[in-house]
Structure formats: C-alpha cells, structure tokens
Amino acid sequence: MRSLYLIPTLLFLVVLSLNINAQPSKGGTPPSFSFKAFSSDIDEISVAPIDVAQALQEDANRPGPYWTGRSIPLEASLNNSGTWTNLPDGTKIWRLKISSSGAKALGIVYDDFYIPEGCKLFLYNEAQTQIIGAYTSENNPPQHLFSTELVQGETVTLEYVAPKIIKQKTDKKQLKGTVEGDKIITDSQQPIMEINPIISIIEIVYVYRDVSFLAKYDPNKDTGWGTSDACEVNVNCSPAGDAWQDEKRGVAEVFLKVGASWGWCSGSLVNTTDNSGTPYFLTAYHCYEGATAADLLLWEFYFKYEAPTCTTPGSEPSYVTKTGCTLTASGPYSGGSDFCLVLLEQSMVQSDDPYYNGWDRTNTAWPATCVGIHHPGGDIKKISYSTAALVSSGCLTGMPAGSAWTVNTWGPTGNGTGVTEGGSSGSPLFNSSGRLVGTLSGGSSTCATPTAGDCYGKFYYHWDLSGTANSARLKPWLDPLGTNPNNVNGYDPFAGYPDFYGTPTTLYQGNKVDFTDLTDGATSWDWQFEGGTPSSSTVQNPANIYYYEQGTYNVKLTTVTAIAGTQTMEKIGYITVLPGSQQAQIWCDDFTTPANWTLSTHGGYTDAWVITTAGPTGSYSSPLGTIASTSGGNHALFDSDALGAPGDNQWASVSSNTGVDCSIYESVTLTFQENYRKFYDSTLVYVSTDNFTTSTRYELHADYSNNDWTGNPLNNSLDISSAASGKTNVKVRFTYRSTQDMDPQAGWAYAWQIDDVCLMGTLPGNSLPQPDFTADTRKISPGQSVNFTDQSLYTTSWLWTFDGGTPSSSTLQNPSNIVYNTQGYYSVTLTGTNINGYVTETKTDYIHVFYDCSFDDNFQEGDHLSYAYAPDPYWGYIPGHNGELITAYADKFTIGNLTGKVKSLVVGVGEAYVVGNTTNVTFTIWDNAGGVPGAVLGTRSIAVKDLMPGYLNIVEFTPVSVGSTFFAGFQLN
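Here's what I pulled together on the structure shown here.

Definitions and cut-offs
- Residues numbered from 1 in each chain as written.
- Predicted model: local features only at pLDDT ≥ 70, side-chain atom pairs only at ≥ 80, totals over all residues.
- Heavy atoms only, no water.
- Helix = DSSP H or I, 4+ residues; strand = E, 2+ residues; numbered from the N terminus.
- Core = buried A, V, L, I, M, F, W, Y, C linked by side-chain atoms within 4.5 Å.
- Buried < 20%, exposed > 50% of the residue type's maximum accessible area, 1.4 Å probe, protein only.
- Contact = heavy atoms within 4.5 Å.
- Disulfide = S-S within 2.5 Å.
- Salt bridge = Lys/Arg side-chain N within 4 Å of Asp/Glu carboxyl O.
- Phe/Tyr/Trp six-rings, centres within 6.5 Å; stacked < 30°, edge-to-face > 60°.
- Lys NZ or Arg CZ within 6 Å of the ring centre and 35° of its normal.
- Pairing = 2+ DSSP bridges.
- Polar contact = N/O pair within 3.5 Å; in protein donor to acceptor, adjacent residues only side chain to side chain.

## Focus: unusual backbone geometry
At step 1: A cis amide bond, omega -10°, links Thr503 with the succeeding residue Pro504.
At step 2: Here Pro504 is to be found in the loop between strand S33 (500-503) and strand S34 (506-508).
At step 3: At Lys304, a position not held by glycine, the phi torsion is positive, near 65°.
At step 4: Its location among the elements puts Lys304 in the loop between strand S19 (300-303) and strand S20 (320-323).
At step 5: Positive phi, close to 55°, is recorded for Tyr794, a residue that is not glycine.
At step 6: When you line up the elements, Tyr794 lands in the loop between strand S57 (788-790) and strand S58 (797-802).

## Points about the nonpolar core
At step 1: Of all hydrophobic cores here, the largest spans 57 residues; its most connected members are Ile98, Tyr110, Leu121 and Leu123.
At step 2: Discounting chain neighbours no more than four positions away, the residues touching Ile98 are Ile45, Val47, Leu74, Leu106, Ile108, Glu154, Thr155, Val156, Leu158, Ile201 and Ile204.
At step 3: Counting 32 residues, the second largest nonpolar core, distinct from the first, contains Cys662, Phe672, Leu718 and Tyr736.

## A look at the side chain of Thr795
At step 1: Note that Thr795 resides in the loop between S57 and S58.
At step 2: Look at Thr795 and you get buried, because its relative accessible area is 15%.
At step 3: Residue contacts for Thr795: discarding those within four places in its chain leaves Pro769, Gln770, Gly832 and Thr833.

## Here we look at the state of the cysteines
At step 1: Within this structure, the stated rule accounts for 5 disulfides.
At step 2: The disulfide bridge from Cys237 ends at Cys310, spanning 2.0 Å between sulfur atoms. Here Cys237 is found in the loop between strand S15 (233-234) and strand S16 (251-258), whereas its partner Cys310 is found in the loop between S19 and S20, with 73 residues between them in sequence.
At step 3: Note that Cys395 is cross-linked by a disulfide to Cys455, the S-S spacing being 1.7 Å. One disulfide, between Cys395 and Cys455, carries an S-S torsion of 75° and so falls in the right-handed class. Here Cys455 lies in strand S31 (residues 454-458) and Cys395 lies in the loop between strand S26 (391-393) and strand S27 (404-407), a separation of 60 residues in the sequence.
At step 4: Overall, Cys455 belongs to the buried group, its relative accessible area being 2%.
At step 5: Taken N- to C-terminal, the disulfide-bonded cysteines of the chain are connected 1-7, 2-5, 3-4, 6-8, 9-10.
At step 6: Free cysteine: Cys325, not disulfide-bonded; nearest cysteine sulfur from Cys340 at 7.3 Å.

## Structural notes on the pattern of salt bridges
At step 1: Here the structure, examined in full by the defined rule, presents 15 salt bridges.
At step 2: Of the charged contacts in the structure, one is a salt bridge between Asp514 and Lys512, with a shortest N-O distance of 3.3 Å.
At step 3: Among the residues examined, Asp514 registers a relative accessible area of 27% and is labelled partly exposed.
At step 4: Connected via shared salt-bridge partners are Glu58, Asp59, Arg70 and Arg209.

## Brief notes about the packing of aromatic side chains
Remark: the centre distance and the inter-plane angle together describe each pair of aromatic rings, the angle taken between the planes.
At step 1: Under the defined criterion, the tally for this structure stands at 46 aromatic pairs.
At step 2: For the ring pair Phe281 and Phe303, a centre distance of 6.2 Å and an interplane angle of 85° mean the geometry is edge-to-face. A residue pair is termed long-range when its members are at least 10 positions apart, and Phe281 in strand S18 (residues 280-283) and Phe303 in strand S19 qualify at 22 residues. Taken individually, Phe281 and Phe303 each receive the classification buried, so the pair is uniform in this respect.
At step 3: The rings of Trp609, Phe638, Phe672, Tyr676, Phe734, Tyr736 and Trp752 are connected pair by pair, giving a single aromatic cluster.
At step 4: The lysine or arginine in question, Lys843, covers the ring of Phe773, its NZ or CZ lying 4.5 Å from the ring centre.

## As for the sheet that holds strand S63 (residues 837-849)
Strand pairing in a sheet relies on backbone hydrogen bonds. The paired strands run either parallel or antiparallel.
At step 1: Taken together, 5 strands build an open sheet; the order of strands is S55-S63-S62-S58-S60 and the sheet is mixed. Bordering the open sheet on either side are strand S55 (779-780) and strand S60 (809-810), each of which pairs with just one other strand.

## Points about the environment of Ala724
At step 1: The topology assignment puts Ala724 in helix H8 (residues 721-724).
At step 2: What makes Ala724 buried here is its relative accessible area of 0%.
At step 3: Linking Ala724 and Thr696, residues 28 residues apart in sequence, is a C-alpha distance of 9.4 Å.
At step 4: Contact partners of Ala724, with chain neighbours within four places excluded, come to Cys662, Val668, Val687 and Val730.

## Looking at the side chain of Thr272
At step 1: Relative to the helices and strands, Thr272 resides in the loop between strand S17 (261-269) and S18.
At step 2: Polar side-chain contacts of Thr272 include one of 2.7 Å to the side chain of Asp274.
At step 3: Of the polar contacts made by the side chain of Thr272, one reaches the side chain of Ser276; its length is 2.9 Å.
At step 4: In this structure Thr272 touches Tyr280, Trp477, Leu478, Pro480 and Val488, once residues within four positions along its chain are discounted.

## Digging into the pairing of strand S35 (residues 511-517)
At step 1: Pairing analysis gives 4 bridges linking S33 to S35, with the strands arranged antiparallel. Bridging from a neighbouring strand, Tyr501 pairs with Thr516 of S35.
At step 2: Pairing analysis gives 3 bridges linking S35 to strand S39 (residues 545-547), with the strands arranged antiparallel. The residue bridging Asn511 from the neighbouring strand is Tyr547, located in S39.

## Notes on the environment of Gly531
At step 1: Along the chain, Gly531 turns up in the loop between strand S36 (522-529) and strand S37 (532-533).
At step 2: Judged by its relative accessible area of 36%, Gly531 falls in the partly exposed class.
At step 3: Separated by 16 residues in sequence, Gly531 and Tyr547 place their C-alpha atoms 6.3 Å apart.
At step 4: Those residues within four positions of Gly531 in sequence are excluded, and the remaining contacts are Tyr546, Tyr547 and Tyr553.

In structure tokens, the structure reads:
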C-alpha cells in the first residue's frame, strides 16, 4: 500500500525573471484560520491536570482570594517546542497547542517575552471562538515577565507570525540560492535586520472554576453568568446604583497570582491629597499575602466589567485590562487592618473613564447607609447596602481591637439585597458621602443570611496605625502634600474634559447625525464636523448634521469648563458614511409559519431538515446550541451529526414556497442568519425563477476544515443579482450536500441552522459601482506593455492606478499600452464612480514582470491551498493516491506571452508515507497538446520516503524548455 498527498496546486520555478518583494502581512486574525492548507496536526504539549478536588479542599481551608487556578510549571519556547510552517508568501508561523484535561480556562505565563517589530502573537481556544492578540512589540514588558489573558477551555493554541525578511538586492542574473516562500532567495542576499523573538513559557494557569467573562466563548453554554449568587444586584440597577456612578468607576476585579495559586479579589483606585492621578490601587493584604514582586507584575486588573442595567446582558460586557503592579504599602490582617496598596504599571487614560475614589480616615461609626461595590466570584460588578450602623471591632482572628468595621446587616437596595462573597475581598466600603472607609477582609454573609456579618479593615487604621515605616502606612503615599486631612473627595482626572456621542455613527450618503454633549459643566462649545454640513456649530447639542460624501470622518469638540478650562477631544474616524442608499426589504421569513417552506430529500436519501425551536443533538453539533437569531422562535435545522455516519442520508433541502417579485430591482441580495459547524464539506444555496426546474447555485463555506466554527449567529449576505434581479417568482433553497459531488456520498458537515431569510433590493439608479477588470497578459518581460479591459457594472467614470507602470494612472475606461520596465510583482487598482458613490478594487501582485528567474503558480486571486478528502470507501486525498486509484495528476500553467525553461518544481506535501516497500513518485513536465498533457518534456523521480510532509519540497530538474502553456504534475510508480 502506498499513499502520496499533494497540494492540488503546484508551484514551479520558471527561468524567466526575478523580483524580490516581501509580501505584505495579512493581519486581523491568525493566518491559519484562513489558510487551510496547513495541517492542524501541530506540536501539542499535554499537561497533566491538577487534582481539582484537592485544590477545592485546600481553598475551603485557607484565607485569601476567591481561588480559581493553579500554576503548573512548563518549559516551552520557540526553541524546543511548536511547529514552524512557511506560507507561500514567505510568512513564517509558529504554532504550539497546550492542553490540560478538564480546565475551565488556561493562562500562559512567560519568564521572557519579546516580540520584534512587525511580528504578532495570537492565542485562541480550541473552538476558535476566542482570539486574544495580536500581541506586538508594543506589548513587550520592560522586565520581560509577562502573562496573557485567560483563554476559555482546556486547550490554548499560540500562533506567532513573522513576516518574510526583507532582503538586500543582488545581481539580477544570479540563480544560485534557496527557496523561501514563493520567491528565489540567492545566497548572496543577507537580511537587512533579523531580530529573534523570545517566547519562553514558564508555567500555565490551570483554571478549575467557571470564569464568567469567558463563558461566551464556550460553545457548550448560552451565556456566561451566574458565578455569583442569585441575590446579588448589578451596580447599574436603578435606583440601587444611581447615586454611585462615579464611585463604581474606580472599582475593579483583580486576577492575581500568589506563588502557584491564582484567584480573584476586588479593590479600588484611591485619590491623593494633590489629585495627582497616580494609579494607586487599594485591596486587601490577604489577597496579596505570599506574593513576590514577580507575581505582582503578572496581576491583571479588569475595570468597567459591569452590566449596563439590572438585567443580565445577552452579550458580554466590554472591559479595560491593566497588567502588572508594584507593592507600595501593606498591613497584615494578623496584627493589622488587612490592606495592600499597589501602584499599577500602566497609567489610566481618558477612554478608561477612571475615577480615583475619595476616602475618610476618621474613626466614625457611620450610622447611615454604607455601600459596598465589588466583584463576587469574579462576576460582573455588584452593589450591596449596609442598613445598620457600622460597629467598630477586630472582627477577624488576630486583628487588633478597633482595626475594622463590622457590617451586621445587608439590606434592600431598591432592587434586591446584595451581600459579599469570595472574590469580593479587598473591595471598598463607602460612607454616605461616597468616601472609602474600609476594605473587605472577610465575613459570613450569604443570600440566605444577610445579617451574618462582614468585616472591613478600617481606612482609619490603614492610614498610619499599622506601623511606623512608610511601607506599612497609607499616609506617605496618599498625602504627598503632608496636610494630613481627615477626608479627601474623589477625583475625576478628566472631569470637565469634553465628551460626546453621535446618533448614528454609520449612515448612508445624504443622511444626518445628531450629536449629544456629555461634558460636565461646559459653558461654550466649538464643534468641527469633517465632511459634515454644516461643518461647525457652537450649540451644545447640534442636530441635523448631514453627510453627503462617502468616507470616514473625524469629529472634534472644544469646550470651556470651570474645572478644566479649554480642552479638546477629537474622535478619529468616528463617522462612517456608506456609499449609496440602504437596500429596500422585498421579502422576509423567519420560519414562524412552517407551511411557507418545503422540506425535501434527494437521491433516495431520507434524512431531512426540520423546522423547530430546538438545537442540534449530535455529539459534535450539540455544542453549537440553538441559533441566537434576531427573531428567535422557529428556525430550520439540519443536524447531520445526529442523523448518521459520514455521507449517510445527507442530501436534503429546505425551499421557500413564496415566489417573490424582484422585477423592479436592479440588484438583489439574499441575507440570512445561520449557526453552522462544518467538517470537510460545504453547503449550497440555489435561486430559481421556475420552481427549481432550473436554478443558479451558490457555494457557501467552501474548502476543507477540521471542526471549524462560525459565530452564533453568523449574518450572511449573498449577491444573487445575476439570478434574481429583474425577475419574478424568485425562490431560494438551502441544500445540504457536498460541492464535490463524490457519488454516492452526499457530504457531511455537522449541523446547519438557518433563520431570518430576506431578499433585499436596490432600485434602478441606486446601485453602487462594481469595478472589475482584466488584462490581456499578466506576465511580461521588462519593457513590454499591458492592455486593460474594464468589466465594471454601474460605473460612469474610472480612475486607474498602475503600480510600477508607465503611465502610472489613467481615467480612460480601457487603458492600453501600460509599459512596465522593472522586474517585480505589481498591483492594479480601479476606482469606479457613479452618482451613488465610488468603490475601489485592487488586485494585488496582478502583473508579474520577469527578468531571469521567478516562481510562477496557478493560483487565482482569493485562492488558498486546500486538501480535498475522499471519504470512505474512497480513502485518501485528492490529488494523490487513494481508493479511487488516482496515480497521476497534472495542472495546466500559462505564462503569458513568454517562453522559458522550468528549472524546478515546488511541491506542497501534506502526507507522504510508504507501507511494505519502496515507492517512488515521478514529477513530470508535459507540453500542451490541445488542452491536455502531451509529450513528456522532462521527469524527475523521487522516493516518497524522501519527501517532507508539511513542507514545500523543491524538486530540481535539468532545465526544460516550455512554451507559453504547459502541464506539470506527478505520477506514482
């Protein structure tokens, strides 16, 4: 038995011309998400899990934070772990998967962390629903110690992306060298600069309790709330939180490290007597006890993590994270008042909306209401009301008498009765004047027993009674003026600074925006509206600012206040004006009425779609959950995973019964919401005007994918103008079947849910330009010219830009004789304009000017390397050897109006193995005999065992002369 698995697109080195250009990095998401050719089989480190039962037992018997995680030592780095892969454009990616069974989340801690400029590091969970990063050179910590945010689940993948190294130019005719990416790199070329990254992992954080802000990434859960008890009250409940909107801004939760343990506490920014805005943060000593200076540099502070109202939010609240701190002062709970003052490593900026809470250092037993604001169980921010007088005490064992306040009664807030829990430790207690008077040390209150009593170390005692050294008192740090006041008010460092919002901020041409000022105490306003009409205003809340030209525009507001004087805020790119006008709704259906749809099967198969409110039940598909569509209620579901084995009974359709009249519309778009998980399959949409006697097929979710996920829901939009515009009786059909049509297999994904299906139309004269073009040749020698043909729709004027061409631009519809004098890969850009706006189309590396030698390939724009799998009984991959007995494969190559010589092939090998005896593969060049391989021009035989799977392999030839078209491929022996 023998098998060879090749990328179905072969790259060839043709003796024609050479240009060395680094391809631009494609940022945004990890490259592996879109470049499916590279195997998901990468180096994985499986770390033995901790004993969770033992950890929970230890947690129950020791004070400290709300413990949720443990460190597990690990020595892994770029040098000893992971898998390197070269992308065709020369980009190098390093991936390492780390897993530990049963973990709720994983964190990564680095003892040495350095990302060179231009490089990126991503981390993501197994389902690829959570991506953190990209971390860049801007994230490099001065001490090189670093930790990255928690990643949901028991698996985290690190993906480091290094763009291709820029090389110095060399003799154009020199052909000796090696291949890097998709270009020849000659031996005489040296990197201008190459700085090695450092990613040295010293431990992972094994999280064994639920983390509420990560639960949205868990496909097994609908939402991520509930780590705190049911009686807790969200801080933005009205009226409970109405009077505490400033104080809450200073409160944050802390994910902190103490030795090998990780846990949650709460705390607050605190003000200084000179309103310095120094980011001092006050929490409890028992949260800090045992931590080293290195541990503190890994603490993570989460600000603004709160629900907007009383209601549990349906989507995850945003938050602001600050990493790292240093110890300033502390006092233990045994013999002290249990406080810890740290200085954040990162400053607070205006977008953080910080508030430095004021304090009262008197020893006053406040009789009126006091308020606690905290993060119980690491949950979103909560508020609790003390409805009885504070009692002076030493309420925890070892605390001196009079060092703490006891809260004996948590009472109604107006929205319920909140208490404290694990994770609330270190949180502030405010008196009725909104000043901090204590930090939570511990207690016994629960939802069932709100009168059990909680203990807050007194700010009075923190001030100067825990010791005489500066490191044991708050006074030296919070009173730099030395005035020793009894109390200090809170401080908003950006009070009086301008702020505003616009409604809406994304609009179509010709529509308006209304602006609302948020500045506190402003007496004058000077607005500047880039691109707006009018372009300025001096009223407080300007309305009816119209935008007539597409683009992205800044808005600037200058105000004068008594507090801040004259200040300016400019929001960059705040207004987005879309070209044209919004499409009209022609027809929509949300499956409320099942009779509006026909469920059908094909080819003798019996498994069918269902219209239901339920989610999928298959073992792989059930984690998808029910589609979270806009309308809710019914949706269409095909749960392939629950219906049978791969390829079993999986050719089914759900078709609309309503024939829609689209005759007056110039263009038509099909929109729908979906929840989908694929395996090695795609799904199809058909559009018909004759009740599906004939139809136009559109392919969705193309290419092989291993357990790929989409969002829930994914909003999909499909231009079906060619099939529907100007037509009547338009119907749509969603079909579950392989696009490969591998008879008798009908394909296999996991599950597909569809909802809120609509047809949207554009009336004549309202369509945007759709620029497109072709060239009569894309591969030339220096000094030759190219003619371009416009293929745009709805376009009345044209602006061309020819990178590397002469002339470099044109306004003709079909420019000709564009001369290229210098070797290289050049982009062409066409901007089409009509009365509704402009649209730009750029084709990257569209023109290839050869010199001596260069790569050529048969990729088209937008293609990715992919592997097509033939399922049982046709085991194996295509192209390559499998149950279909495919023993030869060839691709046709066209090199424009040139001729040349093939010197070598660059072959991407996915898998290559031999069982039983020696097996060779013969790589062959054929001439073009009327569109099929003809005479053999050259061959090279290589043992399969000598091919390196997972890499681009170079197959050297004695140079073979070829014409403008030829075939290249392989034969198995």
